[in-house]
Amino acid sequence: MPIIVQNVSYTYGKGSPFEKKALENISFTIDDGDFVALIGHTGSGKSTLIQLFNGLLKPDSGRVIVDGVDLCADKTDMQKVRSCVGIVFQYPEYQLFEETVYKDIAYGPANLGKTSEEIALIIDEVLPLVGLDADVLQKSPFELSGGQKRRVAIAGVLAMQPKVLVLDEPTAGLDPAGRNEILSCIKNLHDKKGTTVILVSHSMEDVANTVDKILVVSDGELLAYDTVANVFKDSTALKNIGLNVPQVTRVVNHLKAKGIDLGDGICTVDAAVDAIVRYMKEGGKC
Amino acid sequence: MLKDITLGQYFPLDSVIHKIDPRFKIMFTLCYIVLIFFASSPAGYLAVGIFSFLVIKLSKVGFKVVLKSLKPLLFILCFTAVINLFFTGGDTILWQWKFLKITTDGIINAANMALRLVFLVVGSSILTYTTSPILLTDGIERLLSPFAKLGLPSHELAMMMTIALRFIPTLLEETEKIIMAQKARGADFESGNLIRRAKALIPVLVPLFISSFRRADELATAMECRCYRGGKGRTSLRQLRVTSLDWIALGVMLIFALVIIFINLGF
């Protein structure tokens, strides 16, 4: 179920004094089962871009095709598209509203017309995916902790059983433990269910540790769409648009400048450890 | 859809209307509103129309935006016009069906009311379009300050207004975000009957209320942290100064008022 974005442009507040170009002539394809990160500086158009994936926004020009369905056509069944592409927005816990966690997770599937028996099965399946216990189900979502709230909100989107999951900074404002839990949940989901995942993130470490490919946007334009190693190879280009490479890559680059060449494409701590071990075995000095 | 609500929004442009002292502008707007009710003849409305046209032109906001501000009031506008059209008594009956009748007085009344409402909204939106909320409340605070002796908490009122105005765009943005999030969860706000649609708003309103309370709480804490203790002895960062432009504007306003009064008296 590939997502094809063709020559898409989008402008906010067209014709008013607040007119602002958000996206300009963007094209790319995300294939089935891909794990893609979307990175870019604040205001670069990331959030606008993800809202195109399920037709919440319609592009001014160009086309977005999900699973062969053109989202820009008038007769497209949006409900169906939204069940295919689930979006978890920034701070999703702010969208919780029901009396109990159970009812809140059930909101999405109920909107899609699922029966209560089906919903019960879905919730049983979704809850372990986000690492929640069954005893939270009858609690009010507002008495949970921040991390739990967020997981409930993510579960609410997963309950719609999307084939593509888009997450806008799912780890923002969480402590390191909460962050790792959320990220491993997402990775788990991708590995076990084959869900296509698009992750918007500001943390280059998280990106390097989880995804396969990276989409780089800056000022509404697509700068790069490549594998993690290739994108992080050019640290100056990323710095120019207000981004950076993972810390460990920066260390490796510094070492290289000092004459210790560990090789290219090292973006995770594990890869760096391997490279250093290899380097020392080959008789290099640190 | 929410982005269409432009009433109460400020357009940061550079024009003579923007530069007029907010105290003057508020008084002018009040004056204008009173004059709308004075002008009850076609000639009077023409004068008001020309004056409004010139002010909009000078403000550089654009007619499209001003007309957009009328959109949310379209229903009230039509409703008032229709009520006036059918239920005004008069001698010359043009059309009648049971208790409904259209008289010439009715038509005139309906047109009068509709025009008045349009000018009312246009006038007050021009004030908010061209005055930043902070200047607006500064102006109100200064204008109300003589009443402080009578026990009117002018500073507190102004502060409440500043905060309320300040949060209109924030809350609109928040609403938009929540609507997006619930739509992504399959919410449907556009179809179904009235009750269904009202019910569909619950998932938007509950998070919105919660976030408003949270924001209010955070703001109160932040203000207290910065030792906010109300208006007593508080000075303002911006001092409002009357310039020659304000006197010119006052002159124009006076001429306009005289024109309306003369027309009304039948000269």
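Residues numbered from 1 in each chain as written. Chains lettered and ligands numbered in written order. Predicted model: local features only at pLDDT ≥ 70, side-chain atom pairs only at ≥ 80, totals over all residues.

**Re the sheet that holds strand 5 (residues 69-70) of chain A**
Residues and elements named next belong to chain A. To keep things clear, this is the line we draw: The rule for pairing is simple: two strands pair if DSSP sees at least two bridges between them. Comment: elements are numbered from the N terminus, with helices defined as DSSP H or I runs of at least four residues and strands as E runs of at least two.
Strand order in the open sheet formed by 4 strands is 2-1-4-5, and the pairing between neighbours is antiparallel. Looking at which strands have only one partner, the edges of the open sheet turn out to be strand 2 (20-30) and strand 5. By the bridge criterion, 2 bridges tie strand 4 (residues 61-66) to strand 5 in an arrangement that is antiparallel. The residue bridging Val-66 from the neighbouring strand is Val-69, located in strand 5.

**Comments concerning the interface of chain A and chain B**
Rules: Contact between two residues is assigned when their C-beta atoms, built from the backbone, lie within 7 Å.
Each partner contributes to the interface: chain A provides 25 residues, whereas chain B provides 21 residues. Listing elements by their share of the side of chain A that touches chain B, those giving two or more residues are helix 2 (78-84), strand 6 (85-88), helix 3 (101-111) and helix 5 (146-158) of chain A.

**Looking at the confidence of the model for chain B**
All names here are of chain B. To keep it simple, the criterion reads: The pLDDT score gives, residue by residue, the confidence of the prediction method on a 0 to 100 scale.
For chain B, the average pLDDT comes to 84, and 95% of its residues sit at 70 or higher. In the model of chain B, strand 1 (residues 93-97) stands out as the element of lowest mean pLDDT, 71, in contrast to helix 10 (residues 202-225), which has the highest, 93. The ipTM assigned to the predicted complex is 0.85, against a pTM of 0.74.

**Regarding unusual backbone geometry**
Residue and element names in this part refer to chain A. Residues other than glycine seldom take positive phi values, yet Asn-7 does so here, at roughly 45 degrees. Secondary-structure assignment places Asn-7 in strand 1 (residues 3-12). Phi is positive for Asp-67, which is not a glycine, with a value near 55 degrees. Along the polypeptide, Asp-67 turns up in the loop between strand 4 and strand 5.

**Let's talk about the nonpolar core**
Selection criterion: Nonpolar cores are identified as sets of buried Ala, Val, Leu, Ile, Met, Phe, Trp, Tyr and Cys residues joined via C-beta atoms within 7 Å. Here a residue counts as buried when 20 or more other C-beta atoms sit within 10 Å of its C-beta, as exposed when there are 12 or fewer, and as partly exposed otherwise, the C-beta atoms being derived from the backbone. Here the limits of each domain have been adopted from an automatic or database domain assignment.
In this structure, Ala37(A), Leu38(A), Val126(A), Ala155(A), Val166(A), Leu199(A) and Ile214(A) are the most contacted members of the largest nonpolar core, which totals 83 residues. Ranked by residue count, the leading element in this core is helix 5 of chain A, at 6 residues. Summarising the domain contributions, this core has at least three residues from each of domain 1 (3-232) and domain 2 (246-286) of chain A. Discounting chain neighbours no more than four positions away, the residues touching Val126(A) are Ile105(A), Ala155(A), Leu158(A) and Ala159(A). Counting 22 residues, the second-largest nonpolar core is a separate cluster that includes Val55(B), Ile56(B), Val61(B) and Val66(B).

**Regarding the packing of helix 3 of chain A against helix 5 of chain A**
Residues and elements named next belong to chain A. As a reminder, the rule being used: The angle between two axes is taken between their N-to-C directions and runs from 0 to 180 degrees, where each axis is a line fitted to C-alpha atoms and a helix contributes only its stretch in contact. For any pair of crossing helices, the crossing counts as left-handed if the nearer helix is rotated counterclockwise from the farther one by less than a right angle, and right-handed if it is rotated clockwise. Lys, Arg, Asp and Glu make up the charged group, whereas Ala, Val, Leu, Ile, Met, Phe, Trp, Tyr, Cys and Pro make up the nonpolar group; the residues left over, Gly among them, are polar.
Contact pair helix 3 / helix 5: the axes reach a minimum separation of 7 Å and the direction vectors enclose 35 degrees. Helix 5 is crossed by helix 3, and the crossing has right-handed handedness. Contact residues: helix 3 offers Val-101, Asp-104, Ile-105, Tyr-107 and Gly-108, while helix 5 offers Val-152, Ala-155, Gly-156 and Val-157. Looking at the contact of helix 3 with helix 5 residue by residue, the class counts come to 6 nonpolar, 2 polar and 1 charged.

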